[in-house]
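Secondary and tertiary structure notes
One letter stands for each residue in the lines below.
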Amino acid sequence: MENIGLEEKGLRTILKESISDSASRDDATLARLGKKPVLKRNFGFLSILGFSCTVLITWEGSLTTFLSGLENGGPSGLLYGFLVVWVGTLSTFATLSEMVSMAPTSGGQYHWVSMLAPPSSRKFLGYLTGWLAVTGWQALIASGALVTGTMIQGLILLTHPDYAAVMKNWHGTLLLWAVVLIAYGINTAAGPLLAKFEGFVLILHLLGFFAVILPLTLLSPHASAKDVFDTWMNAGLWQTQALSFSVGILGNVFAFLGGDCAIHMSEEIRNAAVVVPRSLLTGLTINGTLGFGMMIATLYAIGDINEALAENPQYPFMSIFHRAVGSTAGATVMAAIVVVMSFSATTGCLASASRIYWAFARDRGLPGWKYLKQVSPRTSIPNHAVLVTVIISIILSLVNIGNATAFNGVISISIAGLFGSYLVAAALLLYRRVTGAIHERQDDDTLTNTMDGNLTWGPWRLRGAFGTANNLFCCIYLLYVFFFSFWPPGKDVTPQNFNYAVLVFGTVVSFSVLYYVTWARKVYTGPVVEVDH
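All of the points below concern the structure found in this document. (Residues numbered from 1 in each chain as written. Predicted model: local features only at pLDDT ≥ 70, side-chain atom pairs only at ≥ 80, totals over all residues. Heavy atoms only, no water.)

A look at the packing of aromatic side chains
- All chains considered together, the criterion is met by 31 aromatic pairs.
- Between the aromatic rings of Y127 and Y516, the centroid separation amounts to 4.8 Å while the plane-to-plane angle is 45°, which identifies the pairing as tilted. Of this pair, Y127 sits in helix α7 (residues 122-159) while Y516 sits in helix α21 (residues 501-523), and the two are 389 residues apart along the sequence. Accessibility classification places Y127 together with Y516 in one group, the buried group.
- Arranged with centres 5.6 Å apart and planes meeting at 55°, the rings of Y127 and Y524 form a pair that is tilted. Within this pair, whereas Y127 is found in helix α7, its partner Y524 is found in the segment after α21, the two being separated by 397 residues in sequence. In terms of burial, Y127 and Y524 fall into one category: buried. (Phe/Tyr/Trp six-rings, centres within 6.5 Å; stacked < 30°, edge-to-face > 60°. Helix = DSSP H or I, 4+ residues; strand = E, 2+ residues; numbered from the N terminus. Buried < 20%, exposed > 50% of the residue type's maximum accessible area, 1.4 Å probe, protein only.)

Here you go:
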């Protein structure tokens, strides 16, 4: 018995030393980037994989946003568009994975641009990229919370059809407020348990897929293969079907948005330089597979889309569920799974967005940076950044009360902001790659992969010509999506269908440049080196 006790004590000692060594390596990696470790590393591979999957929620997202692709592209446009976006996102995530492996910080894109850009422009380009990323994530939270809130309205409409006579925009806005406030509580009061919460939601994400797709495929009447694989639509009356397809593809893009959330949690992940790339690509493979299966099942069960739109104009998938199972209770349970997953995605988005707010404030890139960069000594969570993110989401939601179409510009700006930040970083990586400016990694304590440091590859990357080809394809795909993110859904533009993203995007860029010229250039010098070397 005494020997067993000694063995157990020895095992505990080994485990503690192993954890300590891992933490020391993570701290050393961060120190080489010039940053002090402040946040607690609560996430391992499985927990951050759950986090990535439950923010991405592609099979759920493909249901909530498929209406735009159905109008511009039709069933076939939706299906083939999904494949195009899946391949493009895989290429994008592989490129982002190379950069996060080089510099695993919560700053993400703006830090990478600052280290990759030519010396003459790195300060301004890094600053502008930071604003694009912050804008994209902020818009993603507001739009994700609105989708969740209005889906709750859809559930009410499913169970009480007479609600259609009294349904108002402000109902959805109030529900949006409830969603972001509950997400705020989870991120702050229960912040240290966020990793466990996301692990539980991952199980629901996987089991919920089967709970929805099995009744959908087994109980619903099926369309023909031609209806699914060779039926095109052009409700926007564009000059060509290819143009209509390109406009409609944005619904699928939105379904894949936010999967890079793990990048902005890097300073809370153990062995982030390896774990983040693996979790990004594993999560995308899982979500893409589930999303493609759900897309095919929904298109085979779609029936008369006009009937579905008449019953539930915002979220016709709920009507499709209802007709498939022939039961209001059954359809409500199936749709409720999607609503719960949408809420969990908003909760994860809030965590990621607050980290990039915090990181950019730490480097003095935002107004009120001294307030935003503060971290709770009790939970090691940037509570002020979380609160400001919530407040801005609530302010943005007020637009929806007056004009729901104008709020759609907020949804489009999430694509434009994030893809714009990806594009700048990916283009600069390609430039440095082909000029041979990035060297092999050296295990020493010299400053690297920051403003004035050497550029070295991380432990994860795509080597040789394949890496260069993927990087190039990524840039082409990002430019394609960024360009069409500003297009309206129809050729004949009216105030009702105008895409206000171009106005919002121009306003944000103009404000950031004005703030830079008048104040930020005096205090923002790029990623701040916080440790001595």
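Moving on, there is more to tell.
Overview of the nonpolar core
- The biggest cluster of nonpolar side chains holds 115 residues, and the ones touching the most others in it are F51, W59, W112, F317, F321 and F419.
- In this structure, F419 is in contact with V253, L257, Y477, L478 and V481, ignoring residues within four places of it in sequence.
- In this structure, I356, Y357, L366 and L372 belong to the second largest nonpolar core, which totals 22 residues. (Core = buried A, V, L, I, M, F, W, Y, C linked by side-chain atoms within 4.5 Å. Contact = heavy atoms within 4.5 Å.)

Section: a nonpolar patch on the surface
- Residues W170, L174, I391, I395, L398 and I401 make up a contiguous nonpolar surface patch of roughly 570 Å² in combined accessible area.
- Elements supplying a minimum of two residues to the nonpolar patch: α8 (169-188) and α18 (383-402).
- No other element matches the four residues that α18 contributes to the nonpolar patch.
- Along the chain, I391 turns up in helix α18. (Patch = residues over 30% accessible without salt bridge, like charges linked within 9 Å, V, L, I, M, F, W, Y side chains within 5 Å. Areas by Shrake-Rupley, 256 points an atom, 1.4 Å probe, with all protein chains shown as cover. Salt bridge = Lys/Arg side-chain N within 4 Å of Asp/Glu carboxyl O.)

Here's the deal with unusual backbone geometry
- Phi at R364 takes a positive value of approximately 65°, unusual for a residue other than glycine.
- Among the structural elements, R364 can be located in the loop between α16 (328-362) and α17 (369-372).
- Residue classification places R364 among the partly exposed residues on the basis of a relative accessible area of 28%.
- Positive phi, normally seen in glycine, also occurs at N449, with a value near 55°.
- Its place among the elements puts N449 in the loop between α19 (404-434) and α20 (464-484).

Describing the pattern of salt bridges
- Evaluated as defined, the whole model comprises six salt bridges.
- A salt bridge links D363 to K35; its shortest N-O distance comes to 2.5 Å. Taken together, the residues span a long stretch of sequence, with D363 in the loop between α16 and α17 and K35 in the loop between α1 (2-32) and α2 (45-56) at a distance of 328 residues. Comparing D363 with K35, the two get one shared label, buried.

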